[in-house]
Amino acid sequence: MKLKIRSKLRSAKPVVKGTVAFLLGLFLTRQFVGIGRLTSNYVFGTIAYILIAIAGLICIKIMQFDEGSSNKRKLNKKQLILAELCLFSVGFIITLLDIIFFFLDVLIILIPISIGIIWTLFVYYAPKKLNSEDIKKILLSSIFSLGLIYGAGLNTLIIPIYVFLFFSAITFSQLSRETIKNFIVKKRELAPKSSEVERPLDAALRLSFKFQIITIVCLIVPIFIDITYPILYLYILIPTLLCLVWACYLSYKGMNEKKIFKRTNVLLKFGILFELLAILLSS
Amino acid sequence: MKLKRLLKFSFLFIIVIYQQNVWGATFEIQQELWPYHMRTYFNRTIDVFEYFNATPEYRQRQNYYLGIANVSDSFYAQSAHIYSNVSVNEETIIENLQKLYDYRDTMDFRMNGLVRMLYLNINKTVLNGTTKDKVIDALGKCKYWYTELGRRDTAIYTTENHQIQYHTSEYLLGQLFPNDTFTNSGMTGKQHEDHAAPLVKQWLDWRGQFGFSEWHSNTYYVEDIGPLVNLVDFAMDPEIVIKAAMVLDLMAFDFAINYYKNLYATSMGRAYDGSRVREDVSGYASDSVREAAWLMVGVGDQPNDAGDLAAVALATSDHYAPPPILEAIANNASQYFEGYERNNLAISEGSQYGLDYLESGDLMYWWGLSGQIAPETIEQSYYLVETYERDPMTAFGPQILLDFIKWSAFFHGKSLSAYSEELSAISRGLLLESADIYTYRTPYYQLAGAQDHAKGLNGGQELIWQATLDNQAYVLTNSPGGYTQELDQMYVGGWKPRGTFYKNMGIIQYDREIMPFEAEAAIFLLNLFMGFKFYTHAYFPKWAFDNVVEYNKWTIGKKGDGYVALYTYEPAFWATGYELRSWGQKNTYIVELGSVEEYGSFENFVTQIKQAQVSITPLSLGYDIHYTSPSQGAVSVAWNGPMTVAGINVDLGPYDRFNNTYCNQTFGINITDIQFNSTRLELNFDNCTRLYQP
């Protein structure tokens, strides 16, 4: 029972991270609104995004659903789809009501619509081009990072360029971590999970390395753009970059050791944490 | 509730411990009495009554007040005892000396009371040898300006009222003991006199040219009047005498045009909850200036006891009386009046008027405006505090705040000035700069407010607006959370609205921009420890009205033949019998006043208000408001931009110094020309002439 609850909580982590990113996004663009608007956005926007993020998680479950399984599971898939639709709709309606009652820009509704369209298209059409494991990683990363865009967009549709850079940094850092996470061995031998198609190890490391490089670039560029507190941002950017550069090095070295993945994963974990702190302090 | 108190106590305890660790105070008191040789002869040739005599009514009020002061045991009333050759309460006098010995804040208020006693006692023996020696001892060992090093103090020298208190004391005591050496400073009396004289003149000139930093303060005008009367009565410098008299005239004019039904019913730069909030009919709230205002121009209730320096000084003054025109205006203005008035420079206007921001120059003008941490002044403020080893509590607040600002600026990689600009919601919010006051009065009501003043910024103690039917039935709104007096003032200070007023109606919007993360976190913590203040509210004492009707978002009150209606956009609830509260820091209020003369009856007023169309659209900042006033027609205003009434833009400022039926004075000009019924009073600070033409 305890394990079940733990695993459920662990599976909800992307939602928590996405909500944090949402709150961060609201904070990054707070200069465009007053305390009244910001408060209502914090309250209603958070509820809406949590629901949308959970709907995103369910998308992943739907996508990973095995069609060749028993009847019992087919029923579960329908229920999953229904749950996903309901949650997304409620989140969408909350956003709509927020817009109506608090006189937000009506175009803000495009944000949840876009998220919904992107995720739906991904889930139903991406399997033709990508393997399910890659789609899962992209979706998980997007649940996290799209929170930033959602939050920023609630305050203003004229989202500053550095918000998009931060969004990219979060996406690619998370993708980088997701790419190698499955290779981390806890107590058993290095092996991919049984039912999943995985990249070869060196290909995964190469991909993770590319994502890390993109992340680093996306974090450095804002210093030269008009973020509010570049010095404060720089203080935390330094440990962030240290973690990321070290992770890059390990990935590039590509040693086929189980330790490498664990170390890289830990570095990326801390890198993402510092990244969020740096983003917070930048504004 | 207990937890709240515990949290508040813990928070204050931490602040105090931090403060003590940095500023542990030590006090040393010399036991020997201060040796002195008091001057007892002053050959003054200045005739303050060159052009007029005091009115008989004024003399009557003086005599009345003198009568009640002579039987009062209060400290300040002892001056009246001496004046009237009535024995003093020596115990009261002696126990008030301790503040001077301890160098504690507000010792200057006592100083001016003691100075007056000494001067009035010249060639008298009312104040006997021992008590007199002790008084002089305390004064001789005291400290008169922050530039005096030596023993540490906890005195605030630099608000507008404290400045004149200290300068006056220093000047007059220097005059009284010219050859004696004051213990703390090591300066002789003559040196103190020479040091203080230009500071006194500078303060007087600033008032004459720019008005009062603590505009219309019902608390601190009292602290200005006392020393000013002392200067008129005892200063030997004719320029100081005449200018002090002129500044007193300006204050009397202030009372004459702003008092309404025995209440100083106007916007104020500094006020306290205690002067406005009454929980019920048995509660007490009053203007500290009431005694002085009554004496000067006969407004307000006749006092029953004598307690403050200002009124006692006026009552015992042989050299100051307001020119008769001012009392005549007070009587006339109580009926119908519409006035525009401006007090204070904007900090950006310093160079335009020849003021700098240096400690060696005009920094004290800006400190008088509570401009210690404004971007233009913060560097010099820190310099002052560090150079003169000032306890920052006497300048900014606790040491922890000083360090917080300094280190935050450092970590942001910004200068103090640049970081102060980041915190402009507070650093500029505290500034009492450029207040444009609009007042509209009929025999039934008065509406007064600071037009479009520092909207969205965080203020200390401002009372932005007030709608008054009488001295109990009045309405005001506020968004609490001001950086003032233990952070527990709920109806003054706080987040300032965009207040826009026209004749009998006003629209007051509350909202604000978001500050840097650490400032928001600090405000959040302050609110957490010192009481949750995430709301706006209205003071609407139901007990004070004859009838109160609630309809939709309107609360409508009647007192006598005057009516007031208050609209609250956000959902509101009665937190108490006088507080109408709405959660959140964003809200819009509409106030409309009426009378039997305009509507015939309260019922008709209510009907008209119910039918009034109100359309309010929240914007990302503030609101867009369209209101069809039953009396004024279509009114439109938003967070930015003009206010229009019936299609015409309302003048929201900046105003002239005075623009009303009695006086038209361009702001920044040093001549005030007041006219009424063919009488004229000209206060010319350039020529130092106080001309009265009956």
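Residues numbered from 1 in each chain as written. Chains lettered and ligands numbered in written order. Predicted model: local features only at pLDDT ≥ 70, side-chain atom pairs only at ≥ 80, totals over all residues. Heavy atoms only, no water.

1. Remarks on the overall build of chain B
For step 1, the next point in the chain: If you tally the helices and strands in chain B, you get 22 helices and 28 strands.
For step 2, the next point in the chain: Radius of gyration (C-alpha) of chain B: 25 Å, near the 26 Å computed for a compact globule of 694 residues.
For step 3, the next point in the chain: With the C-alpha coordinates of chain B rotated into their principal frame, the extents come out at 75 × 65 × 50 Å.
For step 4, the next point in the chain: The buried share of chain B, reckoned over its 694 residues, is 63%.
For step 5, the next point in the chain: Pairs at least 24 apart in sequence give 70% of the contacts found in chain B among residues at least 6 apart.
For step 6, the next point in the chain: Distance between charge centroids for chain B: 4 Å, based on 50 positive and 80 negative side chains. (Helix = DSSP H or I, 4+ residues; strand = E, 2+ residues; numbered from the N terminus. Rg over C-alpha atoms; globule rule 2.2 N^0.38 Å. Buried < 20%, exposed > 50% of the residue type's maximum accessible area, 1.4 Å probe, protein only. Contact = heavy atoms within 4.5 Å. Lys, Arg positive; Asp, Glu negative; His and termini not counted. Charge placed at Lys NZ, Arg CZ, Asp CG, Glu CD.)

2. Side note on the nonpolar core
For step 1, the next point in the chain: Ranked by internal contacts, the top residues of the largest apolar core, which has 202 residues, are Tyr65, Ile225, Leu228, Leu231, Phe255, Ile329 and Trp465 of chain B.
For step 2, the next point in the chain: In this structure, Leu28, Val163, Ile180 and Ile279 of chain A belong to the second largest nonpolar core, which totals 38 residues. (Core = buried A, V, L, I, M, F, W, Y, C linked by side-chain atoms within 4.5 Å.)

3. Some details on a nonpolar patch on the surface
Residue and element names in this part refer to chain A.
For step 1, the next point in the chain: Taken together, Val106, Leu107, Leu110, Ile113, Ile117, Leu121, Tyr124, Tyr125 and Leu157 make up a surface patch of nonpolar side chains, about 830 Å² in accessible area.
For step 2, the next point in the chain: Looking at where Leu107 falls in the secondary structure, it is placed in the loop between helix H4 (71-101) and helix H5 (110-125).
For step 3, the next point in the chain: Overall, the relative accessible area of 45% leaves Leu107 in the partly exposed class. (Patch = residues over 30% accessible without salt bridge, like charges linked within 9 Å, V, L, I, M, F, W, Y side chains within 5 Å. Areas by Shrake-Rupley, 256 points an atom, 1.4 Å probe, with all protein chains shown as cover. Salt bridge = Lys/Arg side-chain N within 4 Å of Asp/Glu carboxyl O.)

4. Focus on the packing of aromatic side chains
All names here are of chain B.
For step 1, the next point in the chain: Applying the stated rule across the entire model yields 61 aromatic pairs over all chains.
For step 2, the next point in the chain: Seen in terms of ring centroids, Tyr535 and Trp583 are 5.9 Å apart; in terms of plane orientation they differ by 80°. Their pairing is edge-to-face. A residue pair is termed long-range when its members are at least 10 positions apart, and Tyr535 in strand S12 (residues 535-539) and Trp583 in strand S17 (residues 579-583) qualify at 48 residues.
For step 3, the next point in the chain: The partly exposed category is assigned to Trp583, whose relative accessible area is 47%.
For step 4, the next point in the chain: In this structure an aromatic cluster arises from ring pairing among Trp206, Phe210, Tyr353, Tyr357, Tyr365, Trp366 and Phe667.
For step 5, the next point in the chain: It is Arg342 that lies over the ring of Phe667; its NZ or CZ is 3.8 Å from the centre.
For step 6, the next point in the chain: Looking at Lys553, its charged tip hangs above the ring of Tyr569, at a distance of 4.7 Å from the centre. (Phe/Tyr/Trp six-rings, centres within 6.5 Å; stacked < 30°, edge-to-face > 60°. Lys NZ or Arg CZ within 6 Å of the ring centre and 35° of its normal.)

5. Topic: the side chain of Asn587 of chain B
All names here are of chain B.
For step 1, the next point in the chain: Position of Asn587 relative to the elements: it lies in strand S18 (residues 587-595).
For step 2, the next point in the chain: Of note is the side chain of Asn587, whose polar atom sits 3.0 Å from the side chain of Thr536.
For step 3, the next point in the chain: Excluding anything up to four places from it in sequence, Asn587 contacts Ile508, Gln509, Tyr510, Thr536, Thr568, Tyr569, Glu570, Ser582 and Tyr623. (Polar contact = N/O pair within 3.5 Å; in protein donor to acceptor, adjacent residues only side chain to side chain.)

6. Notes on the interface of chain B and chain A
For step 1, the next point in the chain: Counting residues at the interface gives 23 residues for chain B and 18 residues for chain A.
For step 2, the next point in the chain: Between chain B and chain A, the buried area comes to about 1700 Å², and carbon and sulfur atoms account for 66% of it.
For step 3, the next point in the chain: Three residues, Ile514, Phe517 and Ser620 of chain B, lead the burial of chain B against chain A; their summed loss comes to 34% of the area buried on that side.
For step 4, the next point in the chain: Linking chain B with chain A are zero salt bridges, by the criterion used here.
For step 5, the next point in the chain: Where chain B meets chain A, there are nine residue pairs in polar contact (both at pLDDT 80 or more).
For step 6, the next point in the chain: Listed by contribution, the elements that provide at least two residues to the side of chain B that touches chain A are helix H17 (399-411) and strand S19 (614-618) of chain B.
For step 7, the next point in the chain: A per-element tally of the side of chain B that touches chain A places S19 of chain B first, with three residues. (Buried area = accessible area lost by both parts, 1.4 Å probe.)

7. Focus: the sheet that holds strand S27 (residues 679-684) of chain B
All names here are of chain B.
For step 1, the next point in the chain: Reading across from one edge, S26-S27-S28 is the order of the three strands in this open sheet, with antiparallel pairing throughout. Each having just a single partner strand, strand S26 (671-676) and strand S28 (689-693) make up the two edges of the open sheet. If you compare each strand with its neighbour and ignore which way they point, the axes differ by 5° on average.
For step 2, the next point in the chain: With five bridges connecting them, S27 and S28 associate as antiparallel partners. Looking at the pairing, Asn684 lines up with Thr689 of S28.
For step 3, the next point in the chain: Helix H11 (residues 238-258) contacts S26, S27 and S28 of the sheet and is inclined by roughly 50° relative to S28. (Pairing = 2+ DSSP bridges. Axes fitted to C-alpha atoms, helices over the stretch in contact; angles between N-to-C directions.)

8. Quick word on the pairing of S12 of chain B
Residues and elements named next belong to chain B.
For step 1, the next point in the chain: Where burial is concerned, most of S12 is hidden: five out of the five residues are buried.
For step 2, the next point in the chain: Across three bridges, the pairing between strand S8 (residues 474-478) and S12 is antiparallel. Note on S12: the bridge partner recorded for Asn478 is His537.
For step 3, the next point in the chain: Relative to S17, S12 is paired through five bridges, and the arrangement is antiparallel. Residue pairing in the sheet places His537 in a bridge with Arg581 of S17.

9. So, the environment of Leu201 of chain A
All names here are of chain A.
For step 1, the next point in the chain: Among the structural elements, Leu201 can be located in helix H8 (residues 201-220).
For step 2, the next point in the chain: Exposure remark for Leu201: the relative accessible area of 22% places this residue in the partly exposed category.
For step 3, the next point in the chain: When the C-alpha positions of Leu201 and Gly254 are compared, they lie 8.7 Å apart, and in sequence the two are 53 residues distant.

10. A look at the pattern of salt bridges
Residue and element names in this part refer to chain B.
For step 1, the next point in the chain: Inspection of the entire model under this criterion finds 31 salt bridges over all chains.
For step 2, the next point in the chain: Across the salt bridge formed by Lys143 and Asp153, the nearest N and O atoms sit 2.6 Å from each other. Remark: Asp153 occurs in the loop between helix H7 (129-140) and helix H8 (160-176) and Lys143 occurs in the loop between H7 and H8; sequence separation between them is ten residues. The same class applies to Lys143 as to Asp153, namely buried.
For step 3, the next point in the chain: The partner of Arg690 in a salt bridge is Asp249, and the shortest N-O contact between them spans 2.6 Å. With Arg690 in strand S28 and Asp249 in helix H11, this residue pair connects regions lying 441 residues apart in the sequence. You'll find Arg690 and Asp249 in the same group, each marked buried.
For step 4, the next point in the chain: Connected through salt bridges with shared partners, the residues Lys201, Asp205, Asp237, Glu239 and Lys243 form a single ionic network.

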